[in-house]
Amino acid sequence: MRVVLVDPSRTVLKCLTRMLETQGHDVHPFTDGTEALQYIKLNHLVDALITSSQLSSMSGRELCLEVRGIAGCRRPIYILMMSSSDERRIVVEALDHGADDFISKPPVTEELYARLRAANRIVSMQRELIRLAATDFLTGVLNRRTLFEKAQELCARAEIGGVLSTIMFDIDYFKRINDSYGHSAGDEALRGIAREVSKEGATVGRLGGEEFAILLEGVPLSRAVEIAESLRLRLQELEVSIGEKKISLTCSFGVSQWQADDTIDVLLGRADVALYKAKTDGRNRIVVGECMSDAAGYDRLKSAVRSGSRDLQKSVAA
């Protein structure tokens, strides 16, 4: 575990650091609570905080409270308070200020090890729960809710001068795959698409059904179009195994870049309009949202595309 250790005594820090490193823990010692807090803010891989109740710049209780606020529900950090006094009031205050556990100072070696083993189990379970809550169960990419949460963070940075582009795409004639080969084939197609797109190293999420979105921070529109074209070519070469058969598929893409006064809904809305335009223009192609002036006709365009899709399906059936 990566452990932040805070105590005003350098001697105590040295002793405890040696104890913890013997068990393979990555220890980062501090004599100052404020410095420790800053380190935790900047390092999201911190698993545990062990702090004395008495510190110089801030109390151990205050540090617990601040760290618990940083952790929230998306970042598990186990907090262990140490005190040379086992007075009930101190224990209660520590727990009320966000500590998960309490141990006497100086700690008994085996007891400290045992408490950190318990901490490791709890942090591991919390991380797994967070992963499950954030991930689309079928494809392994971000689910819709988590994608929008991440998008809000990126949009906030774009508002102060950052660059942000987005790509929306879906699988062409996906219903035909399900109808012809079964829903298990459709599921395998979605998983194959997700695996290929995840290689980009960008923020990828499944919006629902066969529709995905990619958020590209620091990527201008021209580069986003290049990325979309690379994906389009790779995905049309992708073969999905269905038993002994292999099927191919194509995708349509809409691309958009953050503009002044955008919201995440406006940004994705332009990409969505472009995606629908790619569908009406024949599928397996890319349309840039910024090139479209009729963003206000979003619902009308979607309705037209749906009507066109129904007509196409009728003609194919005939």
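Here we summarise the structure given alongside this text. (Residues numbered from 1 in each chain as written. Predicted model: local features only at pLDDT ≥ 70, side-chain atom pairs only at ≥ 80, totals over all residues. Heavy atoms only, no water.)

Overview of the pairing of strand 9 (residues 239–242)
Each regular strand displays side chains that alternate between the two surfaces of the sheet.
Part 1 of the reasoning: Residues of strand 9 alternate between two faces, with Val240 and Ile242 buried on one and Glu239 and Ser241 left unburied on the opposite face.
Part 2 of the reasoning: Bridge analysis of strand 9 against strand 10 (residues 245–248) gives four bridges, and the strand direction is antiparallel. Each bridged residue has a counterpart across the sheet, and for Ser241 the counterpart in strand 10 is Lys246.
Part 3 of the reasoning: Counted along the chain from strand 9 to the antiparallel partner strand 10, the turn is two residues long, and its residue Gly243 has a positive phi close to 65°. (Buried < 20%, exposed > 50% of the residue type's maximum accessible area, 1.4 Å probe, protein only. Helix = DSSP H or I, 4+ residues; strand = E, 2+ residues; numbered from the N terminus. Pairing = 2+ DSSP bridges.)

Details of the sheet that holds strand 11 (residues 251–257)
Part 1 of the reasoning: Overall, mixed pairing links the five strands, which are arranged 7-8-6-11-12 in an open sheet. Edge positions in the sheet fall to strand 7 (203–208) and strand 12 (286–288), since each has one partner strand and no second. Here the average twist between neighbouring strands, direction ignored, is 20°.
Part 2 of the reasoning: Two elements, strand 6 (residues 164–171) and strand 8 (residues 211–217), share seven bridges in a ladder whose sense is antiparallel. Paired with Ser165 across the strands is Leu216, a residue of strand 8.
Part 3 of the reasoning: Helix 6 (residues 144–159) contacts strand 6, strand 7 and strand 8 of the sheet and is inclined by roughly 130° relative to strand 7. (Axes fitted to C-alpha atoms, helices over the stretch in contact; angles between N-to-C directions. Contact = heavy atoms within 4.5 Å.)

A short note on the side chain of Asp47
Part 1 of the reasoning: Tracing the backbone through its elements, the reader meets Asp47 in the loop between helix 2 (33–42) and strand 3 (48–52).
Part 2 of the reasoning: Among residues more than four places away in sequence, those in contact with Asp47 are Met1, Arg2, Pro76, Ile77, Tyr78, Val123 and Arg127.

Digging into the packing of helix 6 against helix 10 (residues 264–280)
Part 1 of the reasoning: Packing of helix 6 against helix 10 brings their axes to within 10 Å, and their N-to-C directions diverge by 105°. Relative to helix 10, helix 6 is oriented roughly perpendicular. Each of Phe148, Ala151, Gln152 and Cys155 in helix 6 lies in contact with helix 10, whose residues at this interface are Ile264, Asp265 and Leu268.
Part 2 of the reasoning: Partitioned by chemical class, the residues of the contact of helix 6 with helix 10 number five nonpolar, one polar and one charged. (Parallel < 35°, antiparallel > 145°, perpendicular 65-115°, else oblique. Nonpolar A, V, L, I, M, F, W, Y, C, P; charged D, E, K, R; others polar.)

Considerations on the pattern of salt bridges
Part 1 of the reasoning: Counted by the stated rule, this structure contains 25 salt bridges.
Part 2 of the reasoning: Two residues, Lys279 and Asp170, come together in a salt bridge whose shortest N-O distance is 2.6 Å. Of the two residues, Lys279 sits in helix 10 while Asp170 sits in strand 6, which places them 109 residues apart along the sequence.
Part 3 of the reasoning: Look at Lys279 and you get buried, because its relative accessible area is 11%.
Part 4 of the reasoning: Residue classification places Asp170 among the buried positions, given a relative accessible area of 11%.
Part 5 of the reasoning: Arg234 is the salt-bridge partner of Glu196, the closest N and O atoms lying 3.0 Å from each other. Taken together, the positions of Glu196 in helix 8 (residues 183–198) and Arg234 in helix 9 (residues 221–237) put the pair 38 residues apart, joining distant regions of the chain.
Part 6 of the reasoning: Judged by its relative accessible area of 25%, Arg234 is partly exposed.
Part 7 of the reasoning: Three or more residues joined by partner-sharing salt bridges are found here, namely Glu196, Lys199, Glu200 and Arg234. (Salt bridge = Lys/Arg side-chain N within 4 Å of Asp/Glu carboxyl O.)

Digging into the nonpolar core
Part 1 of the reasoning: Counting 33 residues, the largest nonpolar core has Ile167, Phe169 and Ile193 as its most contacted members.
Part 2 of the reasoning: Contributing elements (two or more residues each) for this core: strand 6, helix 7 (174–181), helix 8, strand 8, helix 9, strand 9 and strand 11.
Part 3 of the reasoning: Counting 22 residues, the second-largest nonpolar core is a separate cluster that includes Met58, Leu63, Met81 and Ala94. (Core = buried A, V, L, I, M, F, W, Y, C linked by side-chain atoms within 4.5 Å.)

Description of the environment of Leu5
Part 1 of the reasoning: Inspection of the secondary structure puts Leu5 in strand 1 (residues 2–6).
Part 2 of the reasoning: Between the alpha carbons of Leu5 and Leu16 there is a distance of 8.3 Å; along the sequence they are 11 residues apart.
Part 3 of the reasoning: In this view, Leu5 contacts Leu13, Leu16, Thr17, Val27, His28, Pro29, Phe30, Ile50 and Met82; residues no more than four positions away in its chain are not counted.

What about the packing of aromatic side chains?
Part 1 of the reasoning: Within the structure shown, the criterion is met by three aromatic pairs.
Part 2 of the reasoning: Here the aromatic rings of Phe30 and Tyr39 are separated by 5.5 Å at their centres, their planes lie at 50°, and the arrangement is tilted. Here Phe30 and Tyr39 have matching classes, each one buried.
Part 3 of the reasoning: Relative to Phe212, the ring of Phe169 lies with its centre 5.4 Å away and its plane at 10°, an arrangement referred to as stacked. Of this pair, Phe169 sits in strand 6 while Phe212 is found in strand 8, placing the two residues 43 residues apart along the sequence. Judged on exposure class, the residue Phe169 and its partner Phe212 are both buried.
Part 4 of the reasoning: Taken together through their ring pairs, the aromatic side chains of Phe169, Phe212 and Phe253 make up a single cluster.
Part 5 of the reasoning: Positioned over the ring face of Tyr173 is Arg176, at 4.2 Å from the centre of the ring. (Phe/Tyr/Trp six-rings, centres within 6.5 Å; stacked < 30°, edge-to-face > 60°. Lys NZ or Arg CZ within 6 Å of the ring centre and 35° of its normal.)

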